[in-house]
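Read off the chains here:
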Amino acid sequence: MSKRLKRSPGTKAPLAWAGGPARVGLLHYTCPPIIGGVETILYEQATRLAARGYPVTILSGRGGPLPDRKAAKLVIIPELDSRETAVSAVRDALDRGEIPSEFATLRANIIGRLSTELAELDVMIVHNALTLHFNLPLTAALWTLADTNRPRIISWVHDISWLNPIYRPWMHDGEPWDLLRRQHQNVTSIFVSTQRLEEWRDLSGAKLDASHVIPNGIDPAALLKLSPRARELVTRLGLFSADIVMLAPVRITKRKNLEWAIDAAAGVRASGRTVQLLITGPPGPHNPRSLDYVADLKRHTERLGLQESVRFLFEESQGPSGDYAVDAATLSDLYMRDPPQRQRGLRPAPRRSRHLPRAGRRHRPAGVPRSGAGGGDLGAGLRRLSRVYGRRAWCHRFGPGPAAPSRAWRARLGPDHQRAARTPPDVAHVSHYRVLIPTTNPSRTGPLLKAVSPFLNAEDSRGTLLG
């Protein structure tokens, strides 16, 4: 091809095609507002490409109007729809192993309709239509258009009919079914997982490497429904790029032992990971020496070289009024859960987003008796915790001194080369009573104590584990 994609080194400018941004098309049977996994990915690609300066066209058989009509041009071609009347009739015959005469007519119509639109594109991303059987006239038309090598066609593979046991009875030898298990020489195939890539290599014999795998992306802020204020804090502080984010949601007073939280952050960093510690509370309002303690904590932070990792959020002001930056809703967002008036526990999050440990002082969850104070069996309370967290809670015996939390974190995280094999807990509490426990809505922490019971012995349950 004479025209090449170009971009200046070190820039995020859109790829240029013959001097201008590449014109990108996205094709699928349907598009939003029709609900579906592929439809969601297609629209995300459209909006994010458009935000980077690419002119985007969505080609679909059914759907629209788009949620953001300015993000992409929408072209509806009914014959692309897998449920269009003529397409459905042809598919019923093909499922029986018959090739009706209407097949060639549909293919020709689709080629004619698509050719007009493709003349205005440099790249077209085809979602599933080259590997699923729902519209084989479309598949055949795309093969014909790919022979011209204009525009460049990318097959984005989510599913493969030949490998699905539900669809396999409708696959037959010969064309057009064989098109679904062959690699066109002019088509670049991209797979949503390594599994799909390996399956395609086994099925088609194509020699493709791992560079052809692009998993579906995750927008953590959107997934967690962060408020604008929480989103701004997360972005500015780089929380999503940190390996571990630790929360200390307490006021800044000496009895909170926040230097231990800072030491724990140092322990995380010593394991080879990046860390952010958020001390969310302000200085204590009743002690005039609270700011002296803040100064002590900052000096401790500087001694450890953690100035870019330890954040005192009370110093964040919001507007000229100087209101405290972290209100209840923002703090709830940092915990990945609903605001207090509608809490339902921790919000599920993807693996890379489930890493918000809570570091701080001693904490006796609601419903847990003080050991040695006539409060009943602590072990029984701890056993109730696993109803929510199972074995994702974890404990360490803390010895005396502020170095204990650091050692505990390093022991839990392990060496840097083991990072990929470890899944951190959703939320952990570093307690100087020698236990690390997941923490959620304080009004519901009574039943949360069960998860740590597998880690405790009789001596622990009779001692002063949680005060």
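The rules behind each value
- Residues numbered from 1 in each chain as written.
- Predicted model: local features only at pLDDT ≥ 70, side-chain atom pairs only at ≥ 80, totals over all residues.
- Heavy atoms only, no water.
- Buried < 20%, exposed > 50% of the residue type's maximum accessible area, 1.4 Å probe, protein only.
- Helix = DSSP H or I, 4+ residues; strand = E, 2+ residues; numbered from the N terminus.
- Pairing = 2+ DSSP bridges.
- pLDDT = per-residue confidence, 0-100.
- Contact = heavy atoms within 4.5 Å.
- Salt bridge = Lys/Arg side-chain N within 4 Å of Asp/Glu carboxyl O.
- Axes fitted to C-alpha atoms, helices over the stretch in contact; angles between N-to-C directions.
- Expected span 1.5 Å × (residues − 1).

### What to know about the pairing of strand E7 (residues 123-127)
It is a general feature of regular strands that their side chains alternate between the two faces of the sheet. For E7, the buried fraction is high: 5 of the 5 residues fall into the buried class. Alternating residues of E7 divide into Val 123, Ile 125 and His 127 and Met 124 and Val 126, and every residue in both groups is buried. Sheet analysis places strand E4 (residues 24-30) next to E7, joined by 4 bridges and oriented parallel. Residue Leu 26 lies in a different strand from E7, and its bridge partner there is Ile 125. Across 5 bridges, E7 lies against strand E8 (residues 152-157) in parallel orientation. Along E8, the bridge assignment pairs Val 126 with Ser 155.

### Describing the confidence of the model for the chain
Of all residues in the chain, 64% attain a pLDDT of 70 or more, and the chain-wide mean is 75. Contacts from residues 335-378, a stretch scored under 50 in pLDDT, to residues over four places away or in other chains number 141 contacts. Confidence drops under a pLDDT of 50 for residues 416-467, and excluding neighbours within four residues, the segment shows 185 contacts in the predicted structure.

### Digging into the pattern of salt bridges
If the charged atoms of two oppositely charged side chains come close together, the side chains can form a pair. A full pass over the atoms with the stated rule returns 19 salt bridges. In this structure, Glu 199 engages Arg 196 in a salt bridge whose closest nitrogen and oxygen atoms are separated by 2.9 Å. Of this pair, Glu 199 and Arg 196 are both found in helix H5 (residues 194-204), 3 residues apart, which corresponds to roughly one turn of the helix. Notably, a salt bridge pairs Arg 229 with Glu 232, separated by 2.6 Å at the nearest N-O pair. Remark: Glu 232 and Arg 229 occur in helix H7 (residues 228-237); sequence separation between them is 3 residues, near one turn of the helix. Here the salt bridges share partners, and the residues they tie into one network are Arg 23, Glu 120, Asp 122 and Arg 150.

### Topic: the sheet that holds E8
The 6 strands lie next to each other as E6-E5-E4-E7-E8-E9, forming an open sheet whose pairing is parallel. Strand pairing shows two members of the sheet lacking a second neighbour, strand E6 (73-76) and strand E9 (187-191), which therefore form its edges. On average, each strand axis in the sheet is tilted by 25° relative to the strand beside it, whichever way the strands run. Sitting on the sheet, helix H1 (residues 37-51) is in contact with E4, strand E5 (56-62), E7 and E8, with an inclination near 160° to E4.

### Observations regarding helix H8 (residues 258-270)
Compared with the 18 Å implied by 1.5 Å per residue over 13 residues, the 19 Å span of H8 between its first and last C-alpha is a close match. Counted residue by residue, H8 has 10 buried out of 13 residues, so it is predominantly covered. Those residues of H8 that fall on the buried side of the exposure criterion are Leu 258, Trp 260, Ala 261, Ile 262, Asp 263, Ala 264, Ala 265, Ala 266, Gly 267 and Val 268. A positive backbone phi angle near 95° is found at Gly 272, which sits one or two residues after H8.

### Some details on the side chain of Glu 79
Assignment of secondary structure puts Glu 79 in the loop between E6 and helix H2 (85-95). For Glu 79, a relative accessible area of 17% corresponds to the buried category. Glu 79 has contacts with Val 87, Leu 106, Ile 110, Arg 113 and Asn 135, leaving out every residue within four places of it along the chain.

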